[in-house]
Amino acid sequence: MAQAKITENTSKLASYDAYFEMVQNRKKLPRNLQETLTEAFAKIPVSSFPQVPGGKVIEIDAETSMGDAVKILSESNILSAPVKNPAAQSSSDWRERYLGVLDYSAIVLWVLEGAETAAAALSASSAAAAGVGAGAVGALGALALGATGPAAVASLTVAAVGAAVAGGVAADRGAGKDAPTAADKLGEDFYKVILQEEPFRSTKVSSIIKSYRWAPFVPVATDSSMLSVLLLLSKYRLRNVPVIERGSPFLKNFITQSAVIRGLVGCKGRDWFDCISAHPISELGLPYMSADEVISVRNDELILEAFKKMRDNNIGGLPVVEGPKKKIVGNVSIRDIRFLLLKPELFSNFRRLTVTGFINTIASATHDATKAATPITCKLGSTLCSVIDTLASKLVHRIYVTDEDDNEVVGVITLRDVISCFIYEPPNFFDNYFGFSAQEMLGK
């Protein structure tokens, strides 16, 4: 078992190396300029980076209910937060104090998976109609659907809970024991259910933290270099980096990819930034991902397939395309799953809803036809400065590159790609700077 874990960790670290090697091979920024920038970032202390709004990092206790965790993220207008271990708050070791980082997308995936499994179990099983306990049906349904691997136990628990709630909602509303009706009724107030009803309300963050897509907690010190942060946010695929003060386990800052991009916008007027960002992206080697590497979804595919593609490929968004030339007609992101929870007319029909139907319904429900339907794009001739401005002003994590004539997707540029554009990793930097503990956590 230990050997298998080591092999898995080694494989993940190798994938980071492969990505960065690909970037270096495709990057056209002169090597001497990259070296100068890398040396400069290595001399900038993390303490110089702007603090989070309000100056205090929002943390979530592992014993917090999932409903309250959603409230904390929503009310704080943030997408992620460190998870602290209530049993180790007196410890001076951050490894004991923090269990990971809770990401909003992980929550909605957990909700969606649980509801999908429970609904499928109810719809497929005649046992529900025969009066067998809904919780048991949920567990049996998960097994029938092939729930295996590390998430199996958690999936069974969520499925049982989902089935029980679905059964309760159906009974309360006079749906009787009609399983398909019960499955659809589950969607009508699901967001309300997870926030207010048992046992969803009391499901703790700690109970699923090891089973879903949780980000590792890999902090840097206030006197660390910004180069270490930029490498963690680019090569090593982290979306956020906690900052601690040496000798103290408490968090001083929480640096996200988006915050770094906003920081780059603030560099306008500086010679080094203006010199680089004035170039068209094609002259800098962007996009690093070629047209045939872009994962997309057709507009006539089911929206559930789009979310599954995101989950399976560990990506946060997809271009919506139509026709043989992959003309871009829209965009869906992992955060759009919230509409399946907040809009009953969507969730109740999500197993039959196409991507186009999903986008159109969101536009109609939000009274903003451009909010969900209009993809964020640029051309190969766009400057890097304009791309950075768009990413920062639109509050998005990726921008799709299209050709000049047919609006065909020819690439994608992510926050990670933009950060990677300015730096490279000096030889042995990771081993010397981060050490074994970080390697182990990044490989999780």
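Residues numbered from 1 in each chain as written. Predicted model: local features only at pLDDT ≥ 70, side-chain atom pairs only at ≥ 80, totals over all residues. Heavy atoms only, no water.

- By the naming in an unreviewed UniProt entry, the chain goes by CBS domain-containing protein and is assigned to Anisodus tanguticus.

1. Looking at the sheet that holds strand β6 (residues 251-256)
Reasoning step 1: Pairing within the open sheet is mixed, and its three strands lie in the order β4-β5-β6. Two strands lie at the open edges of the sheet, namely β4 (220-221) and β6, each paired on one side alone.
Reasoning step 2: Inspection of the sheet shows strand β5 (residues 240-244) paired to β6 by five bridges, in the antiparallel sense. The residue of β6 that forms the bridge with V243 is N253.
Reasoning step 3: Sitting on the sheet, helix α12 (residues 226-233) touches β4, β5 and β6, and the angle it makes with β5 is about 150°. (Pairing = 2+ DSSP bridges. Helix = DSSP H or I, 4+ residues; strand = E, 2+ residues; numbered from the N terminus. Contact = heavy atoms within 4.5 Å. Axes fitted to C-alpha atoms, helices over the stretch in contact; angles between N-to-C directions.)

2. Some remarks on unusual backbone geometry
Reasoning step 1: With omega at -5°, the peptide bond leading from L286 into P287 counts as cis.
Reasoning step 2: Of note, P287 is situated in the loop between α14 (271-277) and β7 (297-298).
Reasoning step 3: Its identity is not glycine, yet K326 carries a phi of approximately 55°, on the positive side.
Reasoning step 4: Summarising the element assignment, K326 is placed in the loop between β8 (317-322) and β9 (327-333).
Reasoning step 5: Given the relative accessible area of 34%, K326 is considered partly exposed.
Reasoning step 6: Phi at N428 is positive, roughly 60°, even though this residue is not glycine. (Buried < 20%, exposed > 50% of the residue type's maximum accessible area, 1.4 Å probe, protein only.)

3. Some remarks on the packing of helix α2 (residues 31-43) against α12
A packed helix pair is summarised by two numbers, namely the angle formed by the two axes and the spacing between the axes.
Reasoning step 1: Running from amino to carboxyl end, α2 crosses α12 at an angle of 115°, the nearest separation of the two axes being 5 Å. Our classification of the angle between α2 and α12 gives roughly perpendicular. Along the contact surface, α2 presents T38, F41 and A42, while α12 presents M226, L227 and L230.
Reasoning step 2: Residues of the contact of α2 with α12, tallied by class, amount to five nonpolar, one polar and no charged. (Parallel < 35°, antiparallel > 145°, perpendicular 65-115°, else oblique. Nonpolar A, V, L, I, M, F, W, Y, C, P; charged D, E, K, R; others polar.)

4. Re the packing of helix α13 (residues 257-265) against helix α20 (residues 384-393)
Reasoning step 1: Their axes nearest at 9 Å, the elements α13 and α20 cross at an angle of 130°. Between α13 and α20, the interaxial angle falls into the category oblique. Crossing hand, α13 versus α20: left-handed. Between α13, through I261, R262, L264 and V265, and α20, the contact on the second element is made entirely by I388, D389, L391 and A392.
Reasoning step 2: Its residues assigned to classes, the contact of α13 with α20 shows six nonpolar, no polar and two charged. (Left-handed = near helix turned anticlockwise from the far one by under 90°.)

5. Concerning α12
Reasoning step 1: Across the eight residues of α12, eight count as buried, placing the element largely inside the fold.
Reasoning step 2: Burial in α12 covers these residues: M226, L227, S228, V229, L230, L231, L232 and L233.

6. Quick notes on the pairing of β9
Reasoning step 1: By the criterion of burial, β9 is predominantly enclosed, with five of the seven residues buried.
Reasoning step 2: Where β8 and β9 come together, six bridges link them in antiparallel fashion. Paired with V320 across the bridge in β9 is G330.
Reasoning step 3: If you look at the hairpin formed by β8 and β9, you'll find four residues sitting between the two strands, and G323 has a positive phi there, around 80°.

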